Amino acid sequence: MVSMTNKQIAAVLDEIADLLQLKGDVFRERAYREASRRLDMLSQQAAELYAAGKLHSIPGIGKSMEGHIAELLETGRSQRYEELKKEFPTGLLELLQVPGLGPKRARKLYEELDITNLAELERAAKEHRLHSVPGMGEKTEANILRALERRLTRGRRLLLGVALPAAEQVAGLLRGHPAVAAAEPAGSIRRRLETIGDIDILVASTQPKAVMEAIIHLPIVKEVLAAGPTKTSVLNPDDLQIDVRVIDPSTYGAALQYFTGSKQHNIHLRDIAIRKGYKVSEYGIFKEPGDHRVGGEKEEDIYRVLGMDIMPPEIREDTGELEAALEHRLPTLVELSDIQGDLHCHTDWSDGVDPLETMASAARALGYRYLAITDHSRGLGVAHGLSIERLREQRHLIDEFNERSPDLHVLFGTEVNIKSDGNLDYEDEVMAQFDIVTASVHGGFNQDRDTITKRILRAVRSPYVDIIGHPTGRLINARDPYDVDLEAVMRECAKCEVAMEINSSPERLDLNDVHCRQAKELGVMVAINADAHVAAHLNFMRYGVYTARRGWLEKKNVLNTLPFDELRARLRTRRQKRG
DNA sequence: GCCGTTTTCGGCCCGACTGTTTTCAGTCG
């Protein structure tokens, strides 16, 4: 059997969907697209499910699709895919990336003008040959040319940690305006996706004109890109584009539901509505026949009328939340206020900026009852890792601090490096002295799957390790995760009662949302940590909580929701059991 | 290609906008 990962299979199915799109076979395209998405999110290996004969029990994967996936698993190829590829030149799919160009026009351009890639499209547009195609005029040609020029400068998706504060700032300013009844960021920001395409803010008001006028004059607006009667686009001082839409208060709930998405969630929701004799749009929910409105002022109207519990935006991804809402078995997601402390941060003793006292004050201000100081270990020279001697001094400092701090407990910890051979950076006698240990990979990212998996498994089996830090090492938009068999690590963590971290730093969010859900299913505890290197970054905690919520985690799945006494007892008994 | 509390056949989200056209096709979110 050829070993293909879920991601690889999903990629092939997605390419088949692309080709079907060119053919105009929209429903098959959707079926392949959906199957690809399901595989991509799947926490188990498709190969295992296939071996167990359970592939077609995944929603969106039927008998035929199971056959295609089986062929890929067994031969590494797909006949359907090979045949489709022969029908069109490879460059043709590039055309679909151009805004304004869909499958119909792309195909027409190929058939009428023999255009097979972006370069040829650009040349034809400049030579004014496009408008000779029926249905394409001067304006279409100009728009395509403009899109082609812009395409080169289009940036990547924004980190939530950048987009959310910017959106909240604008929404907050708008809420202060007398004509504004409500204002909040919608779209992927509201769902707390790790990266964001567009910043969309919805405003409820009966006076759109006044609101539009107010936006233009907000102090944080650097430039106005477009100002229409109900939608305005502006740039903030960091050149982030923010779109603001004004909605009549009577349809604000329906609009908020619609603009929050996800697209897949909305499609499925509307499908359920049809089956129950309703129609859902951004203007409300309507009862058939006669289309009279039965709700839409409040967001929960839409769900309530359909017999569902309303679910938090974070899980509106069409991964089972609608079914759960219908059956009244939605999880109660963990909340920021459940967090009792932070188990991973750095001080000026290693590569942090602030001293212990400053970090502790900041933790206290957040209402935490404990904070683990986990500076880097000896071997990590670039981060001023702590020698045995300096560890002893730091322990002393922390003991002293705890004597005069009745409300906040500081734990003496370490972020010990997992060396490339799988050994930890301190000897067992040293490890035994910490209150808490997080073990992380900081180098040797390119090891092959088997090597790096075994390496991390060794760390998990150490009786002194409590948490595996940033378990995949990815940096969003910057560095791919290392090729670790995360499921194997999770199973071992469950067995050894080792927690896995959600590193809350906005460029990490590692574990990610899909991993979190898998961890929950496998019975792995998760620790949500800010990995702060400066006091202000303790506030990153909320991004980790969002990720946990996107992964359906509840309070009981999260280690640092425990009160201090229970946490300490848990760490101690575990150590005794395994040490 | 998937799916079923109207269906194993005949559906598959909904509305806005744009540009090209005289009533609509294509694209987008």
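Throughout, residues of each chain are indexed from 1 in the direction in which the sequence is written. As a convention, the first chain written is A and the first ligand written is 1, with the rest following in written order. pLDDT decides what is reported in this predicted model: residues at 70 or higher carry local features, side-chain atom pairs at 80 or more are listed and counted, and totals for whole chains, interfaces and linings draw on all residues regardless. Note: side-chain values were computed over all heavy atoms of the structure, leaving out hydrogens and water.

Our next topic: the side chain of S440. Numbering of helices and strands starts at the N terminus; helices are DSSP runs of H or I of at least 4 residues and strands are runs of E of at least 2. If you trace the backbone, S440 turns up in strand β14 (residues 436-440). If we skip the residues at most four places from it in the chain, S440 touches E415, V416, N417, I418, G469 and H470. Throughout, a contact is declared for two residues whenever any of their heavy atoms are within 4.5 Å.

Once that is clear, we can look at the nonpolar core. Nonpolar side chains tend toward joint burial in soluble globular proteins. In these notes, a set of buried Ala, Val, Leu, Ile, Met, Phe, Trp, Tyr and Cys residues joined through side-chain atoms within 4.5 Å is what counts as a nonpolar core. When accessible area is computed with a 1.4 Å probe and restricted to protein chains, residues below 20% of their type maximum are described as buried, those above 50% as exposed, and intermediate ones as partly exposed. Counting 95 residues, the largest nonpolar core has L174, I201, V203, I456, I468 and I528 as its most contacted members. A per-element tally of this core places helix α9 (residues 160-175) first, with 8 residues. In this document the domain limits rely on a domain assignment from an automatic tool or a database. Both domains that meet at this core, namely domain 2 (158-247) and domain 4 (336-578), each give it at least three residues. Apart from residues no more than four positions distant in its own chain, I456 is found in contact with V441, I468, P471, Y482, V484 and V489.

In most cases, non-glycine residues show a negative phi, while peptide bonds are predominantly trans. Between G261 and the following residue, S262, the backbone shows a cis peptide bond with an omega angle of 0°. Here S262 is to be found in the loop between α12 (252-260) and α13 (263-275). The backbone of R192 shows a phi angle near 60°, a positive value even though the residue is not glycine. The exposure class assigned to R192 is buried, which follows from its relative accessible area of 18%. Of note in this structure, D318 is not a glycine but carries a positive phi near 55°. Inspection of the secondary structure assignment puts D318 in the loop between α14 (299-305) and α15 (321-326).

So, about the environment of V484. With respect to the helices and strands, V484 occurs in the loop between β15 (467-468) and α20 (486-496). On the basis of relative accessible area, V484 is assigned to the buried category, the value being 8%. Remark: the alpha-carbon pair of V484 and Q447, spanning 37 residues in sequence, is separated by 9.0 Å. If near-sequence neighbours (up to four positions away) are discounted, V484 is found in contact with R449, I452, T453, I456, P471 and V489.

Bringing the protein's contact with DNA strand B into the picture now. Any residue with a heavy atom lying within 4 Å of a molecule or strand is counted as near it. Looking at DNA strand B, there are 39 residues lining it, with G60, G62, G100, G137 and R270 nearest. Near-protein atoms of DNA strand B (within 4 Å) split between backbone and bases, with sugar and phosphate holding 73%. Between DNA strand B and G137 there is a distance of 2.6 Å, counted from a phosphate oxygen to a backbone nitrogen or oxygen. Two N or O atoms form a polar contact when they lie within 3.5 Å of each other; inside protein one atom must be a possible hydrogen donor and the other a possible acceptor, and for residues adjacent in sequence the pair counts only when both atoms belong to side chains. A distance of 2.6 Å is found between a sugar or linking oxygen of DNA strand B and a side-chain nitrogen or oxygen belonging to R270. Mapped onto the surface near DNA strand B, the elements with two or more residues apiece are α2 (26-41), α4 (63-75), α6 (103-113), α8 (138-151), α13 and β8 (278-281).

Once that is clear, we can look at the pattern of salt bridges. Salt bridges are counted wherever a side-chain nitrogen of Lys or Arg sits within 4 Å of a carboxyl oxygen of Asp or Glu. Tallying each qualifying case throughout the model produces 46 salt bridges. Among the ionic pairs, K495 bridges to E492, the shortest N-O distance being 3.9 Å. Remark: E492 and K495 occur in helix α20; sequence separation between them is 3 residues, near one turn of the helix. With relative accessibility at 10%, the residue E492 sits in the buried group. Overlapping salt bridges bring together D14, D18, E29 and R33 as one network.

Alignment of strand β9 (residues 284-287) against strand β10 (residues 292-295), held across 3 bridges, turns out to be antiparallel. Along β10, the bridge assignment pairs K287 with H292. The pairing criterion is simple: DSSP has to find at least two bridges between the two strands. The loop that links β9 with its antiparallel partner β10 comprises 4 residues; one of these, G290, has a positive phi angle of about 100°.

It is worth spelling out the packing of aromatic side chains at this point. Centre distance within 6.5 Å is the pairing criterion for rings of Phe, Tyr and Trp, where only the six-membered ring of Trp is used; planes under 30 degrees apart are then read as stacked, over 60 as edge-to-face, and the remainder as tilted. Summed over the entire model, instances satisfying the criterion amount to 7 aromatic pairs. An angle of 45° between the planes, with centres 5.9 Å apart, marks the rings of Y370 and F564 as tilted. Of this pair, Y370 sits in strand β12 (residues 370-376) while F564 sits in helix α23 (residues 564-578), and the two are 194 residues apart along the sequence. Where F412 meets F434, the ring centres are 4.9 Å apart and the plane angle is 35°; that geometry is what we call tilted. Of this pair, F412 sits in strand β13 (residues 409-417) while F434 sits in the loop between α18 (428-431) and β14, and the two are 22 residues apart along the sequence. The exposure classification of F412 matches that of F434, with both residues buried.

Strand order in this open sheet of 3 strands is β8-β9-β10, and the pairing throughout is antiparallel. The two strands at the open ends of the sheet, each matched to only one other strand, are β8 and β10. Put simply, the sheet's adjacent strands are angled 35° from each other on average, direction ignored. Note: β8 against β9, 4 bridges, orientation antiparallel. Paired with Y278 across the two strands is K287, which belongs to β9. To get an axis, a line is fitted to the C-alpha atoms, and for a helix only the part in contact is used. The angle between two axes follows their N-to-C directions and goes from 0 to 180 degrees.

With that settled, the discussion passes to the domain arrangement of chain A. For chain A, the assigned domains read domain 1 (6-154), domain 2 (158-247), domain 3 (253-326) and domain 4 (336-578). Each of domain 1 and domain 3 has a C-alpha centre, and these two points are 29 Å apart. Listed per partner, the contact involves 4 residues of domain 1 and 4 residues of domain 3. The term buried area refers to how much accessible surface (probe radius 1.4 Å) is lost by two components on association, counted for both of them together. Carbon and sulfur atoms supply 42% of the area that domain 1 and domain 3 bury against each other, a total of about 310 Å² over both sides. For domain 1, the biggest contributors to the area lost against domain 3 are R37, R38 and M41; these three give 80% of the whole. For the interface between domain 1 and domain 3, the tally reads 2 salt bridges. Its salt-bridge partner being R38, residue D318 comes within 3.9 Å of it at the nearest N-O pair. On inspection of domain 1 and its partner domain 3, the count reaches 3 residue pairs in polar contact (both at pLDDT 80 or more). Put simply, Ala, Val, Leu, Ile, Met, Phe, Trp, Tyr, Cys and Pro go in the nonpolar bin, Asp, Glu, Lys and Arg in the charged bin, and everything else, Gly too, in the polar bin. Its residues assigned to classes, the side of domain 1 that touches domain 3 comprises 1 nonpolar, no polar and 3 charged.

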